[in-house]
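Working through the structure, step by step
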Amino acid sequence: MADEHKHEDTLLNEDVHEHEHHHHEHRGLAEIYSIIDGTNMIESARALAKKIFRILAEAEAKAHGVPVEEVHFHEVGAPDAVAEIVGVCYAMHLLAPERVVVSPVCVGTGTVCCAHGVLPVPTPATANLLVGVPTYAGDIQGELCTPTGAALLTHFADAFGRMPAMTCCSVGIGLGGKQLSETD
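Just so it is clear, the model here is predicted, and its values are computed rather than measured. Counting restarts for each chain: residues are numbered from 1 in the order of the written sequence. Local features in a predicted model are, by the rule used here, given only for residues with pLDDT of at least 70; side-chain atom pairs are given and counted only at 80 or more, and totals for whole chains, interfaces and linings are based on all residues. Neither water nor hydrogens contribute to the side-chain values; these are computed over all heavy atoms in the structure.

Only protein atoms enter the 1 Å grid used here, on which a cavity is any set of points holding a 1.4 Å probe that cannot leave and a pocket is any open set flanked by protein within 12 Å on both sides along at least five of seven lines; residues with an atom within 4 Å of a point are listed as lining. Grid points are joined across faces, edges and corners, and a volume is the space filled by probe spheres set on the points. Considered as a void within the structure, the second largest pocket measures approximately 330 Å³ in volume. The wall of the second largest pocket is formed by Arg 99, Val 100, Val 101, Val 102, Ser 103, Leu 153, Pro 164 and Met 166. Residues are grouped as follows: Ala, Val, Leu, Ile, Met, Phe, Trp, Tyr, Cys and Pro are nonpolar; Asp, Glu, Lys and Arg are charged; every other residue, Gly included, is polar. In terms of residue class, the lining of the second largest pocket is made up of six nonpolar, one polar and one charged.

Here you go:
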């Protein structure tokens, strides 16, 4: 277990200095696969993470009109984004849910600044990933569903719709501090 934490720290801190200054590595799919292969995670979770990145690469390729091999991830290639995807894939492996039902996805509204400049919300890659998925803008100004989130949701969802009847066994509380504002 200690080795896993040590390796995860290496993954998370690989380019932290540059990331903190908003300079992102431009990693291709092969580089991302190499990072994932370097983890001590169980093979099925590594395979899932690679599949998610392939889904992201296909959406980005469509958005930019280039072959998948020419896609270079900017924000999605940053160490924190790689760790998020790898972590979710590992969590899904551990949880092994029988079924995943996702509510309609609130994407937000307005624009977002990224490596490609100012883009509409949802970004083209996110929009490509959410084709056929029930979405809505909501009243929040900003990007509420990123390409990473859209790829994870669409891959793991068995269905989209209202929350089914269930009995809650425990509650988890997420951490975060992003301040969101409603549109006028």
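Another aspect to go through is helix 3 (residues 29–37). Every buried residue of helix 3 is accounted for by Leu 29, Ile 32, Ile 35 and Ile 36. An end-on view of helix 3 places all buried positions within 120 degrees of arc, on one side of the element. Burial status follows relative accessibility: with a 1.4 Å probe on protein chains alone, a residue under 20% of its type maximum counts as buried, one over 50% as exposed, and anything between as partly exposed. Every helix listed is a DSSP run of H or I at least four residues long, and every strand listed is a run of E at least two residues long, numbered separately from the N terminus. By definition, the arc is the one covered by directions from the helix axis to the C-beta atoms.

Let us look at the pattern of salt bridges. We define a salt bridge as a side-chain nitrogen of Lys or Arg found within 4 Å of a carboxyl oxygen belonging to Asp or Glu. The final tally for this structure, using the stated rule, is three salt bridges. For the salt bridge of Asp 37 with Lys 50, the shortest nitrogen-to-oxygen distance reads 2.7 Å. Of this pair, Asp 37 sits in helix 3 while Lys 50 sits in helix 4 (residues 43–64); the two residues are 13 residues apart in sequence, bridging distant segments of the chain. Looking at Asp 37, the relative accessible area reads 41%, which means it is partly exposed. One salt bridge in this structure joins Arg 46 and Glu 43, with 2.6 Å as the shortest N-O distance. With Arg 46 and Glu 43 both in helix 4 and three residues apart, this pair spans about one turn of that helix.

Right, let's talk about the confidence of the model for the protein for a bit. Confidence along the protein averages 82 in pLDDT terms, with 83% of residues attaining 70 or more. pLDDT: the predictor's confidence for each residue, scored from 0 to 100. For the protein, helix 2 (residues 16–20) is the element with the lowest average pLDDT, namely 35, and strand 8 (residues 135–136) is the one with the highest, namely 97. The contact criterion used throughout is that any non-hydrogen atoms of two residues lie within 4.5 Å. Note on residues 1–23: pLDDT under 50 across the span, and 24 contacts to partners over four residues away in sequence or across chains.

A word on the nonpolar core. Judged by nonpolar contacts, the single largest core of 35 residues is most densely connected at Ile 52, Phe 53, Leu 56, Phe 73, Ile 85, Val 105 and Leu 130. At the level of elements, helix 3, helix 4, helix 5 (79–95), helix 6 (124–129) and helix 7 (147–156) are the ones that each hand at least two residues to this core. It is helix 4 that provides the largest number of residues to this core, a total of eight residues. Take the buried Ala, Val, Leu, Ile, Met, Phe, Trp, Tyr and Cys residues and link them wherever side-chain atoms come within 4.5 Å; each set so joined is a nonpolar core.

The next point concerns unusual backbone geometry. With an omega of 0 degrees, the peptide bond between Val 121 and Pro 122 qualifies as cis. Within the secondary structure, Pro 122 sits in the loop between strand 7 (117–120) and helix 6. Positive phi is not limited to glycine here, since Ala 96 has a value of about 45 degrees. Structurally, the position occupied by Ala 96 is in the loop between helix 5 and strand 3 (101–102). The class for Ala 96 is exposed, based on a relative accessible area of 54%.

On to the packing of helix 5 against helix 7. Relative to each other, helix 5 and helix 7 sit at 20 degrees, their axes nearing to 11 Å. Compared by their axis directions, helix 5 and helix 7 come out roughly parallel. With respect to the hand of their crossing, helix 5 and helix 7 are arranged in right-handed fashion. Of the residues in helix 7, those in contact with Glu 84, Ile 85, Val 88, Cys 89 and Met 92 of helix 5 are Thr 148, Leu 152 and Phe 156. Taken together, the residues that form the contact of helix 5 with helix 7 break down as six nonpolar, one polar and one charged. Each axis is a line fitted through C-alpha atoms, taken for helices only over the stretch in contact, and angles between the N-to-C directions span 0 to 180 degrees. Our angle categories are set so that under 35 degrees counts as roughly parallel, over 145 as roughly antiparallel, 65 to 115 as roughly perpendicular, and the remainder as oblique. Should the near helix be turned anticlockwise from the far one by less than a right angle, the crossing is termed left-handed; should it be turned clockwise, right-handed.

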